[in-house]
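Remarks on the overall topology
So you can see what is in the structure, the chains are spelled out below.
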Amino acid sequence: MSIAGLVRANLTRNKKRTFLTVASVIVAFFLFGLLRSVITTLDAAAEVGSEARLVTLNASGLTFPMPEAHANRLAGFDGVRSVTWSNWFGGYYQDPQDYFAQFAIKADTWLPMYSEVRIVAGDADAFLRERTAALVGVGLLEKYGWEVGQTVTLQGTFFAGDWDFNIRAAYVPEDPSFGDENMYFHYEYLYERNPNVVTPGWFILQLDQPERAAEIAAAIDDLFRNSSAPTETQTERAFQAGFVTMWGNIGFLVTVLGTAVFFAILFVAANTMMMAVRERIGEIAVLKTLGFTDGKLAGMVIAESVAITLVGGALGLLLARGALSGGNPLQSFFPGLAVTGGTFLLGLTLALALGLITGAIPAWQSARLSVAGALRRIG
Amino acid sequence: MSSPASEAASAERGASPRPALVQISGLSKSYRRGSETIHVFDDVDLEMHDGEFLALMGPSGSGKSTLLNIIAGLDTPDKGSVVVGGEDVTRMKARRLAAWRATHIGFVFQFYNLLPVLTAAQNVELPLLLTRLSKADRRRHVMTALEVVGLTDRAEHFPKQLSGGQQQRVGIARAIVSDPTIILADEPTGDLDASSGDEILTLLERLNAEFSKTILIVTHDAHAAERAQATMHLDKGELVR
Ligand SMILES: Nc1ncnc2c1ncn2[C@@H]1O[C@H](COP(=O)(O)OP(=O)(O)O)[C@@H](O)[C@H]1O
Ligand SMILES: [Mg+2]
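To keep things clear, this report deals only with the structure shown in the data block.

What counts as what
Residues numbered from 1 in each chain as written. Chains lettered and ligands numbered in written order. Predicted model: local features only at pLDDT ≥ 70, side-chain atom pairs only at ≥ 80, totals over all residues. Heavy atoms only, no water. Pairing = 2+ DSSP bridges. Helix = DSSP H or I, 4+ residues; strand = E, 2+ residues; numbered from the N terminus. Near = heavy atom within 4 Å. Polar contact = N/O pair within 3.5 Å; in protein donor to acceptor, adjacent residues only side chain to side chain. Nonpolar A, V, L, I, M, F, W, Y, C, P; charged D, E, K, R; others polar. Expected span 1.5 Å × (residues − 1). Buried < 20%, exposed > 50% of the residue type's maximum accessible area, 1.4 Å probe, protein only. Arc of directions from axis to C-beta. Contact = heavy atoms within 4.5 Å.

Regarding the sheet that holds strand 4 (residues 79–84) of chain B
All names here are of chain B. Taken in spatial order, the 4 strands of this open sheet run 2-1-4-5, and their pairing is antiparallel. Looking at the sheet topology across the chains shown, the edges are occupied by strand 2 (36–48) and strand 5 (87–88). Here 2 bridges tie strand 4 to strand 5, and the two strands are oriented antiparallel to one another. Looking across to strand 5, one finds that V84 is bridged to E87.

Here you go:
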């Protein structure tokens, strides 16, 4: 036996309790892994756009209309190579719970601008020619078992009614975080059916020189400041970060949830450790009598709690990775959702911290335990 | 070996050929309980020589355990000094004291106080975890100690698989495994039936006779005390030999 063996023996003393504590830590770090991955994936998604693109939207927010006439004025800007626009559709296919992103795009200018969208089935011309045509990510085709050439009917939400689309092309994103479960169709189709309400959602500007992005963005917003629709111009990267979180501040929510879970588990684990040490007061006194120093005994308690949280943390994170590795329903909102190495590292660091914190109080208690007093209590 | 009586006498004459192993002088201890102060003992002196086997008797609450704890450096006196092997225990810092205890004190408890999660051998090995001994050497020491107490065949048993007397023998093996300077036993037979208690006393006697262990045993039982070379009485704060 060794000191480590003694720590191990203490861990197996009450197997059920150790198991339950490890299980609660596993659950916590499983959740942590999932939630944290949502954040990192959002961040990654936000980095898809190159600085070579700017997005101009209504300064009042994404849901406020932009006059189509802005397009021409934006195109005339020094340093702007081309302009296109896009709109959020927000429909669903059969199951309203089953969300994926659909965009109404100004296809003739959008497609040339988005070189990272590679058409792999059907063809771009067929998509461009037909008013009700749709361009669909291969992931989405697979998900619903759709095929190029098929007509699918989506239910609108903001734009009510049934919407028929003919799938004319399928794409694979050159960059996986662009997502392959998006659907694009013609802005004109959306406009025709709702001419009084539909305007471009946001303009996308391709720049000649990425390094001038900030300067051009400021100039554009200056120009429209006193117009009927003041603008806010940002890099596409920043826009996407905001866009994916338009339903609420997901990052914030996730952080709050994660923190709450962390502290809940902290209390559970700390309580367990305190119980474990309290019922061992006599043994700790005996070990002190044998010459174990306060520091050594405190270290053993800490080692015990760190072992619990590290094992639980590692297993929880591995579980989260497993859960996210296959196809998952969050894929269309958070393309490429996965537990990153950074999340693993952060998770294990947190697990270590959790172990140190939960072990600290009982470690301190056992260090300052008076042997004479404790031995009196046990006889 | 000279008889304890003649040794005590020579100590009194100040003609002892060697200094006492344990030299307690002017020891006082009191506890405060709220506003009340309990004087456990006052100005107690005690000498123990190498190889002595002494018994300490006294009514319950007279301070026997307190005295033992102070000798082991587990409790601190209000006044006085406890010099063991030339070092004053009462002046040592906690860290130093722990190391000192590991090498000089073997403690035997009334309720054995074995760790339930460890086997007999592992319990005996505990003090050796604080040494630099190799695993093989530790094992050898453990088996030797278990052999002395006659329990080699129970090495892999857990405490709950052993009788009280056997557990106490494991407790004694743990106390002697690191070959300490002095063995302190606080009512080691207090929880045992007469015959098991007798075995334990015989074992302690043997440790003293065969291995020249210095032993201080606290007991209630006059029969038990008779096994020692001399008996001291602690009563109403005074120690008489
Ligand atoms: N930690 C303590 N706090 C208060 N009183 C104590 C403490 N330890 C011992 N005492 C008191 O000191 C006296 C001696 O106790 P103890 O040494 O255990 O006696 P014995 O071992 O002879 O039965 C008792 O009156 C006991 O109540
Ligand atoms: Mg006592």
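Observations regarding the site of ligand 1
Taken together, R376(A), Y31(B), R33(B), V40(B), P59(B), S60(B), G61(B), S62(B), G63(B), K64(B), S65(B) and T66(B) make up the full set of residues near ligand 1. Surrounding ligand 1 are residues belonging to chains A and B, so the site spans chains. Here an oxygen atom of ligand 1 sits 3.2 Å away from a polar atom, N or O, in the main chain of S62(B). Between an oxygen atom of ligand 1 and a main-chain N or O atom of K64(B), the distance comes to 2.9 Å. Of all the secondary-structure elements, those providing two or more residues to the shell around ligand 1 are strand 1 (22–33) and helix 2 (64–71) of chain B. It is helix 2 of chain B that provides the largest number of residues to the shell around ligand 1, a total of 3 residues. Of the residues belonging to the shell around ligand 1, the class tally is 3 nonpolar, 6 polar and 3 charged.

A look at helix 5 (residues 135–148) of chain B
All names here are of chain B. Relative to the 20 Å expected for 14 residues at 1.5 Å per residue, helix 5 spans 20 Å between its end C-alpha atoms, a close match to the ideal helical length. Within the sequence span of helix 5, burial applies to R138, V142, A145, L146 and V148. Buried residues of helix 5 fall within an arc of 155 degrees about the axis and therefore sit on the same side. Opposite the buried face of helix 5, by more than 90 degrees, sit the exposed residues A136 and E147. Turning to helix 5, the residues buried within the fold contact helix 4 (120–125), helix 6 (164–176) and helix 7 (194–211). Following helix 5 by one or two positions, G150 has its phi on the positive side, about 75 degrees.

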